[in-house]
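Summary of structural features
Chain residues, written in single-letter form:
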Amino acid sequence: MNGPRDIPPAAHAQPPSALVLPADLLQALRAFAPEPVDAAVVLGSGLGGFADTVSIEAVVDASELPGYPVSTIEGHRGRLLLGRAGERRLLLFQGRAHGYEGYSVAETALPARIAAALGARALLLTNAAGGLDPSFEAGDLMLVTDVLVLTAAQRMGLDLQRMGSGLQRGDTGSQDATGLASPLPRPLFDEAQLAAARAAARESTVRLREGVYGYCSGPTYETRAEIAYYRLAGAQAVGMSTAPEVLAAVRLGLPSLAISCITNISRTVRQVVSHEEVTTVAAQASERLERLLHALIRRV
Ligand code: HPA
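Residues numbered from 1 in each chain as written. Predicted model: local features only at pLDDT ≥ 70, side-chain atom pairs only at ≥ 80, totals over all residues. Heavy atoms only, no water.

The next thing to look at is the overall build of the protein chain. Looking only at helices and strands, the protein chain features eight helices and nine strands. In the protein chain, which comprises 300 residues, the share counted as buried stands at 55%. For the protein chain, the computed accessible surface area is about 12600 Å², with 51% contributed by carbon and sulfur atoms. (Helix = DSSP H or I, 4+ residues; strand = E, 2+ residues; numbered from the N terminus. Buried < 20%, exposed > 50% of the residue type's maximum accessible area, 1.4 Å probe, protein only. Areas by Shrake-Rupley, 256 points an atom, 1.4 Å probe, with all protein chains shown as cover.)

Okay, here's the thing in structure tokens:
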């Protein structure tokens, strides 16, 4: 990505222990993908159609991978696909598991951990999100420039830390056996990658908004007070995924980019957001998203 290739392939050698894949899962993945991939793409709610634009060579159901979390949410198919787009070998995640389904942070971060283990040079994340910026419209695509995790932040770090260190609930978590509680090694998104995304948007003539992605735990959509709070805190969109993958990717030295599909405008007046609305708008935006992803993948 006029970026990922230029960025040193950082710390793949020694990821924090909570992010190392269990041996049986790694073995199953190596059988599925014996050759390294160039990039991995996570397809969020209602955005799985990108797989139809790629030449698919192998498919595995998440339920066939040992310990892989299976999403129970409609619009998330729970498959991993190996494919090719031009010269690039791609690993696609069709659907993802969320924290609100009861999965741990390390489990929801599996796409990043798997992408790194299979040699990807870039992780492209997509998601459906509510728009907070008053200038946004439903169907807009937004380049995520940073991630805002409010009250869940310490909790998320601690969950990851516990997994690697054997800490129990109630422990203070003052030890840092995994390295996950140490400061982030670099910004979540490198400027060169963000620039590559902007260039890809220009090339594919897709209007790309930009903003901070506010992570909320879900599964309920936000209350009006929470929407006001996220706005005040500086988020332009809000959603229930992506933060675990981005945080794991930065720990793994795997360059990532995230694109949100704004499926609804989150308002501080009375409104009801439905999952059906989210997946319908995502489907309408998917042609633009597909063009943008292909332009990005050519830059990997
Ligand atoms: N809030 C949180 N997550 C979402 C939304 C929303 O409004 N829309 C799609 N995913």
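Taken together, Ala128, Ala129, Gly130, Tyr221, Glu222, Val238, Gly239, Met240, Thr263, Asn264, Ser266 and Val278 are the residues near the ligand. One of the side-chain nitrogen or oxygen atoms of glutamate 222 is found 2.8 Å away from a nitrogen atom of the ligand. Between asparagine 264 and the ligand, the recorded distance is 2.7 Å, taken from a side-chain N or O atom to a nitrogen atom. Protein chains bury 95% of the 260 Å² of accessible surface belonging to the ligand in isolation. Secondary-structure elements contributing two or more residues to the shell around the ligand are strand E5 (122–131), strand E8 (237–239) and strand E9 (256–265). Split by residue class, the shell around the ligand holds six nonpolar, five polar and one charged. (Near = heavy atom within 4 Å. Polar contact = N/O pair within 3.5 Å; in protein donor to acceptor, adjacent residues only side chain to side chain. Nonpolar A, V, L, I, M, F, W, Y, C, P; charged D, E, K, R; others polar.)

Burial analysis of helix H3 (residues 110–117) places seven of its eight residues in the buried class, the great majority of the element. Restricting attention to buried positions, one finds in H3 the residues Leu110, Pro111, Ala112, Arg113, Ile114, Ala115 and Ala116. Against helix H1 (23–32), strand E1 (39–43), strand E4 (88–94), helix H2 (105–108), E5 and helix H7 (243–252) lie the buried residues of H3. A positive backbone phi angle near 85° is found at glycine 119, which sits one or two residues after H3. (Contact = heavy atoms within 4.5 Å.)

Across the interface, helix H5 (residues 191–203) lies against helix H8 (residues 275–297) with an axial gap of 8 Å and an inter-helix angle of 125°. Judged on the interaxial angle alone, H8 and H5 are oblique. H5 and H8 meet at a crossing whose hand is right-handed. Across the interface between the two elements, Ala196, Ala197, Ala200, Ala201 and Glu203 from H5 touch Leu292, Ala295 and Leu296 from H8. Classifying every residue of the contact of H5 with H8 by side-chain character gives seven nonpolar, no polar and one charged. (Axes fitted to C-alpha atoms, helices over the stretch in contact; angles between N-to-C directions. Parallel < 35°, antiparallel > 145°, perpendicular 65-115°, else oblique. Left-handed = near helix turned anticlockwise from the far one by under 90°.)

Turning our attention to the nonpolar core. Counting 81 residues, the largest nonpolar core has Phe50, Leu91, Ile114, Leu123 and Leu141 as its most contacted members. When neighbours within four sequence positions are excluded, phenylalanine 50 is seen to be in contact with Val41, Leu43, Leu90, Leu92, Glu290, Leu293, His294 and Ile297. The next biggest cluster of nonpolar side chains, apart from the first, holds nine residues, and it includes Leu148, Val212, Cys216 and Val238. (Core = buried A, V, L, I, M, F, W, Y, C linked by side-chain atoms within 4.5 Å.)

It is worth spelling out unusual backbone geometry at this point. Residues glycine 218 and proline 219 are joined by a peptide bond in cis, for which omega reads 0°. Of note in this structure, threonine 205 is not a glycine but carries a positive phi near 45°. Along the chain, the position of threonine 205 falls in the loop between H5 and strand E7 (208–215). Classification of threonine 205 as exposed rests on a relative accessible area of 64%. Positive phi outside glycine occurs at threonine 242, with the angle close to 70°. If you trace the backbone, threonine 242 turns up in the loop between E8 and H7.

On to the pairing of strand E6 (residues 141–149), then. Summarising burial for E6: seven of the nine residues are buried, a large majority. When E6 meets E7, the two strands line up parallel, connected through eight bridges. By the bridge assignment, leucine 141 is partnered in E7 with leucine 208. Pairing geometry for E6 and E9, over three bridges, is antiparallel. The partner of leucine 141 across the bridge, within E9, is cysteine 261. (Pairing = 2+ DSSP bridges.)

Summarising the element assignment, arginine 89 is placed in strand E4. Beyond its immediate sequence surroundings of up to four residues, arginine 89 is in contact with Glu35, Pro36, Val37, Asp38, Ala39, Glu57, Leu82, Gly83 and Arg84. Among the polar contacts made by the side chain of arginine 89, one reaches the main-chain carbonyl oxygen of glutamate 35 at a distance of 3.5 Å. A distance of 3.1 Å separates a polar atom in the side chain of arginine 89 from the backbone oxygen of proline 36.

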